[in-house]
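An overview of the molecular structure
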Amino acid sequence: MGKKEEEFGYNVFIKGNRCYRCGHKWVQRENDKPRICPKCKSPYWDKPKTKFVKEDKRK
Ligand SMILES: [Zn+2]
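Residues numbered from 1 in each chain as written. Predicted model: local features only at pLDDT ≥ 70, side-chain atom pairs only at ≥ 80, totals over all residues.

**Quick word on the overall build of the chain**
Secondary structure assignment for the chain yields 0 helices and 3 strands. The helix and strand sequence of the chain, counted from the amino end, reads β-β-β. Looking at the chain residue by residue over its 59 residues, the buried ones come to 10%. Long-range pairs, those at least 24 residues apart, make up 19% of the contacts in the chain with a sequence separation of at least 6. (Helix = DSSP H or I, 4+ residues; strand = E, 2+ residues; numbered from the N terminus. Buried ≥ 20, exposed ≤ 12 C-beta atoms within 10 Å, placed from the backbone. Contact = placed C-beta atoms within 7 Å.)

Rendered as structure tokens:
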């Protein structure tokens, strides 16, 4: 387990997920990782938005 500074990504809550794109949180029932966010339908829901900046603090 690595350090998690933000509660995003896969299994960050009790069997729950949070989308990087829209911030939507949901509880998954399946054992498999969801392919897309159920809200914004993004396949990159578990990936950070930026490719170049890892730590992007919004102002
Ligand atoms: Zn989303």
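**What to know about the environment of Tyr10**
As for its position among the elements, Tyr10 is in strand β1 (residues 9-13). Given 12 C-beta atoms within 10 Å, Tyr10 falls into the exposed group. Taking C-alpha positions, Tyr10 is 9.1 Å from Trp45, a pair spaced 35 residues apart along the chain. Excluding anything up to four places from it in sequence, Tyr10 contacts Asn17, Lys33 and Asp46.

**Quick word on unusual backbone geometry**
The backbone of Lys41 shows a phi angle near 65°, a positive value even though the residue is not glycine. As for its placement among the helices and strands, Lys41 is situated in the segment after β3 (25-27).

**A closer look at the confidence of the model for the chain**
Summarising the model, the chain shows a mean pLDDT of 79, and 66% of its residues fall at 70 or more. The lowest-confidence element of the chain is β1, averaging 67 in pLDDT; the highest-confidence one is β3, averaging 89. (pLDDT = per-residue confidence, 0-100.)

**Considering the environment of Tyr20**
Relative to the helices and strands, Tyr20 is located in the loop between β2 (16-18) and β3. On the neighbour-count criterion, Tyr20 (19 C-beta atoms within 10 Å) is partly exposed. The spacing of Tyr20 and Lys49 is 29 residues in sequence and 6.8 Å in space, taken between C-alpha atoms. Excluding residues within four positions of it along the chain, Tyr20 makes contact with Phe8, Trp45, Asp46, Lys47, Pro48 and Lys49.

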